[in-house]
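So you can see what is in the structure, the chains are spelled out below.
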Amino acid sequence: MTFQPGDVVMLKSGGQPMTVIAIDETAAECLWLGEEGDLFREKVPLVALVSVADVLDDEAGPEDEDEDEDDEEEEEDDEEYEDDDEEDGEEDEEEEEEEEEAADRRPRGPRGKRAA
C-alpha cells in the first residue's frame, strides 16, 4: 500500500494512530500523541504500517452483516421469552389460587385466625 503525507496510519501490531508527515521508498515519518499528550516523531518501515481507514473498513464490513443476523435472532429470542413470561404469569396465577384454596382449608384457631 502507498501512503501519502496526511494519511492516518497505525502499526499492524496496534497502538496509537499516527499521521504520516513524510515518506520515502521504505519508510514513513510519522507524528503521534502519546497517552500522556507527548508528541512523538519517528521513521517507521512501511511494512509495519496499515491505514487506519482500512482497519475501520475491515471492522465495519462483514461484522455488520453478522450483527444484523444477531439482532434478528435476539428479536426472535425476545419473542419466545415474552411467550414464556405470559405462560409463567398464568402458572403463577394458578399457583396463587391453589395456595389461597389451601389456606382456606387450614384449621382456624380460637380467634378465627388460620393456623400457620
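Higher on the page you've got the structure.
Draft legend 1. Expanded view of the pairing of strand S3 (residues 27-33). Pairing analysis gives four bridges linking strand S2 (residues 18-23) to S3, with the strands arranged antiparallel. Of the residues in S3, the one forming a bridge with Ile 23 is Ala 28. Between the antiparallel neighbours S2 and S3 lie three residues. Judged from the seven bridges that link them, S3 and strand S4 (residues 39-45) form a sheet pairing that is antiparallel. Each bridged residue has a counterpart across the sheet, and for Leu 31 the counterpart in S4 is Arg 41. Once S3 ends, the chain turns through five residues before running back antiparallel as S4, passing Gly 37 with a positive phi of about 90°.

Draft legend 2. Looking closely at the pattern of salt bridges. Applying the stated criterion across every chain yields a total of two salt bridges. A salt bridge links Lys 43 to Asp 24, with the shortest nitrogen-to-oxygen separation between them at 3.1 Å. Here Lys 43 is found in strand S4, whereas its partner Asp 24 is found in the loop between S2 and S3, with 19 residues between them in sequence. Given a relative accessible area of 29%, Asp 24 falls into the partly exposed group. The residue Glu 29 makes a salt bridge to Arg 41 at a minimum N-O spacing of 2.4 Å.

Draft legend 3. Looking closely at the sheet that holds strand S1 (residues 8-11). On the basis of which strands lie adjacent, the open sheet formed by five strands has the order S4-S3-S2-S1-S5 and antiparallel pairing. In this open sheet, the two edge strands, each paired with only one partner strand, are S4 and strand S5 (49-51). Between one strand axis and the next, the sheet turns through 45° on average, direction left out of account.

Here is what the cut-offs are and how they apply
- Residues numbered from 1 in each chain as written.
- Predicted model: local features only at pLDDT ≥ 70, side-chain atom pairs only at ≥ 80, totals over all residues.
- Heavy atoms only, no water.
- Pairing = 2+ DSSP bridges.
- Helix = DSSP H or I, 4+ residues; strand = E, 2+ residues; numbered from the N terminus.
- Salt bridge = Lys/Arg side-chain N within 4 Å of Asp/Glu carboxyl O.
- Buried < 20%, exposed > 50% of the residue type's maximum accessible area, 1.4 Å probe, protein only.
- Axes fitted to C-alpha atoms, helices over the stretch in contact; angles between N-to-C directions.

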